[in-house]
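Here is how the chains run, residue by residue.
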Amino acid sequence: YLHGISMGGSTVLMASGLELPKQVKGIISDCAFTSPKEVFTHVLKTMYHLTAFPVMQGAEIVNKKLAGYGMDECNAKREVAKAKLPILFIHGSKDTFVPARMCREIYDCCASPKKMLIVEGAAHGESYFKNMEAYEKALDDFIDACEGKRGEAYECFEQYNPRDIGKIRGGLWFVGCFPIQGKTK
């Protein structure tokens, strides 16, 4: 499974249309944004009370020069339209950094089997801590559905303690589920 939070959530969604290893059975995205252009425009407006022009045009030029691509070329909405694996979308209803509407927009564009959990009252990246029970149940149900039953990948996933989320830096974490020696579905 691929699981990402915030930028990591967008990153795993960007991978959803790619040919991934057979061990990757699903994708879990928590508080992903649609594109850097859309989230930066939102932040400029809501946090700094600035218009997108001319800041975004300047950022676009710099990004193309330094990174080699435009700020709307990394677009999760476009990539999930090519998705092949099941996706679980998670977002907090009170996220002011990446509004929950972005989750709904991406969800609506997703071509693969999908589920969505909106955690009431959760701000950016807080869904797990706001409602651990609902979050863990959504994960369990999603993984069970992907596996058809609790199989080797689920056992591997359970070895990762979700309470360690707060200890991970950089917002991106992957859980690779590979067969456990001696275990079968």
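Keep in mind the model is a prediction, meaning the values are calculated, not measured.

Calculation notes
Residues numbered from 1 in each chain as written. Predicted model: local features only at pLDDT ≥ 70, side-chain atom pairs only at ≥ 80, totals over all residues. Heavy atoms only, no water. Helix = DSSP H or I, 4+ residues; strand = E, 2+ residues; numbered from the N terminus. Buried < 20%, exposed > 50% of the residue type's maximum accessible area, 1.4 Å probe, protein only. Contact = heavy atoms within 4.5 Å. Areas by Shrake-Rupley, 256 points an atom, 1.4 Å probe, with all protein chains shown as cover. 1 Å grid on protein atoms, 1.4 Å probe; cavity = no way out; pocket = protein on both sides within 12 Å on 5 of 7 lines; lining within 4 Å. Points joined across faces, edges and corners; volume = space filled by probe spheres on them. Nonpolar A, V, L, I, M, F, W, Y, C, P; charged D, E, K, R; others polar. Core = buried A, V, L, I, M, F, W, Y, C linked by side-chain atoms within 4.5 Å. Phe/Tyr/Trp six-rings, centres within 6.5 Å; stacked < 30°, edge-to-face > 60°. Lys NZ or Arg CZ within 6 Å of the ring centre and 35° of its normal.

When you go through the protein residue by residue, the secondary structure sums to 8 helices and 4 strands. Each helix and strand of the protein, placed in order from N terminus to C terminus, yields the pattern β-α-β-α-α-α-β-α-β-α-α-α. For the protein, the residues scored as buried account for 43% of the 185 residues in total. The contacts in the protein between residues at least 6 apart in sequence include a share of 70% that link residues at least 24 apart. Summed over its atoms, the accessible surface of the protein is roughly 9900 Å², and 58% of this surface lies on carbon and sulfur atoms.

Considered as a void within the structure, the largest pocket measures approximately 350 Å³ in volume. As for the largest pocket, its lining consists of 18 residues, and the residues nearest its centre are M7, S10, F33, P36 and C74. Counting residues per element, the ones that place at least two in the lining of the largest pocket are α1 (7-14) and α2 (36-48). Per-element accounting of the lining of the largest pocket gives the leading share, 4 residues, to α1. Broken down by class, the residue content of the lining of the largest pocket amounts to 11 nonpolar, 7 polar and no charged. Forming the boundary of the second largest pocket are 13 residues, of which L88, K114, K115, D141 and F142 lie nearest the centre. Every element with two or more residues in the lining of the second largest pocket is listed here: β3 (87-92), β4 (114-119) and α7 (132-147).

Inside soluble globular proteins, nonpolar side chains tend to come together where they are buried. Counting 17 residues, the largest nonpolar core has L13, I27, I87, F89 and I106 as the members making the most contacts within it. Every element with two or more residues in this core is listed here: α1, α4 (76-80), β3 and α5 (100-109). Among the elements that make up this core, the one with the highest residue count is α5 (3 residues). Look past the residues within four positions of I87 in its chain and what remains in contact with it is L13, S16, I27, V80, C110, S112, P113, K114, K115 and F142. If you look at the next biggest cluster of nonpolar residues, it comprises 13 residues, including L117, V119, Y128 and A138.

Let us look at the packing of aromatic side chains. Taken as a whole and judged by the stated rule, the model has 4 aromatic pairs. Relative to Y107, the ring of F89 has its centre 5.6 Å away and its plane inclined at 75 degrees; by these criteria the two rings are edge-to-face. Residue F89 is located in strand β3, and its partner Y107 is located in helix α5; the two are separated by 18 residues in the primary sequence. A single burial state applies to F89 and to Y107, both of which are buried. In textbook terms, an aromatic cluster arises when at least three aromatic residues are bridged by ring pairs, as seen for Y128, F129 and Y135. Lying over the aromatic face of Y107, K114 brings its terminal NZ or CZ to 4.6 Å of the ring centre.

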